[in-house]
Amino acid sequence: MNKLIIASNNELRKLNVKDNHENLVDLRVFCPKIVFKIAHYIEKNGGCEAVEDAHFARKGVAERLNIAQDLLSTGFRLMIECAHRSPKMQQKS
């Protein structure tokens, strides 16, 4: 069994992030079974400009979200509050 590792936000901020240039996809199109609660996130974080790309994620992430959704029991759906977050929004969290 794999060990679950939980890291704090401070630990995660120390990680060196390297862009893999994977295309972003619109989750509303790519993951039609998923529920979105983006409006709530926008309201909490300063308006539309702050999260204009909130429905977008890397294609590989979207593919894994679809797999996870399909593994859920009937009647359950994943909910996304915000997918893509600009570096500015990531520093705010």
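Residues numbered from 1 in each chain as written. Predicted model: local features only at pLDDT ≥ 70, side-chain atom pairs only at ≥ 80, totals over all residues. Heavy atoms only, no water.

Asker: Explain the overall build of the chain to me, please; I cannot follow it from the model alone.
Answerer: Helix and strand counts for the chain come out as five helices and four strands. Listing the helices and strands of the chain from first to last along the sequence gives α-β-α-β-α-β-α-β-α. In the structure as shown, the chain presents an accessible area of about 7,500 Å², 55% of it carried by carbon and sulfur atoms. (Helix = DSSP H or I, 4+ residues; strand = E, 2+ residues; numbered from the N terminus. Areas by Shrake-Rupley, 256 points an atom, 1.4 Å probe, with all protein chains shown as cover.)

Asker: What exactly am I supposed to notice about the confidence of the model for the chain here?
Answerer: In low-pLDDT regions, the fine details of the predicted coordinates are not to be read closely. Here the chain averages 78 in pLDDT, while 70% of its residues score no lower than 70. Of all helices and strands in the chain, the one with the weakest mean pLDDT is helix α5 (residues 87-92) (58), whereas helix α4 (residues 59-71) scores best (95). (pLDDT = per-residue confidence, 0-100.)

Asker: I'm lost on α4 in this one. Help?
Answerer: Counting along an α-helix, one turn takes 3.6 residues, and residues three or four places apart therefore face a common direction. Spanning 13 residues, α4 covers 19 Å between terminal C-alpha atoms, matching the ideal 18 Å at 1.5 Å per step. Of the residues making up α4, those classed as buried are G60, A62, L65 and Q69. (Expected span 1.5 Å × (residues − 1). Buried < 20%, exposed > 50% of the residue type's maximum accessible area, 1.4 Å probe, protein only.)

Asker: Looking at this structure, I do not really get the pattern of salt bridges. What am I missing?
Answerer: Counted by the stated rule, this structure contains two salt bridges. Note that R28 is salt-bridged to D26, the shortest N-O span being 2.9 Å. Look at R28 and you get partly exposed, because its relative accessible area is 43%. Residue classification places D26 among the buried positions, given a relative accessible area of 18%. (Salt bridge = Lys/Arg side-chain N within 4 Å of Asp/Glu carboxyl O.)

Asker: Quick question: what am I supposed to make of the environment of N23 here?
Answerer: The residue N23 is located in the loop between α1 (9-13) and β1 (24-26) in this model. Residues N23 and F56, 33 residues apart in the sequence, show an inter-C-alpha distance of 9.7 Å. Apart from residues lying up to four places away in sequence, N23 is in contact with A57, R58 and K59. (Contact = heavy atoms within 4.5 Å.)

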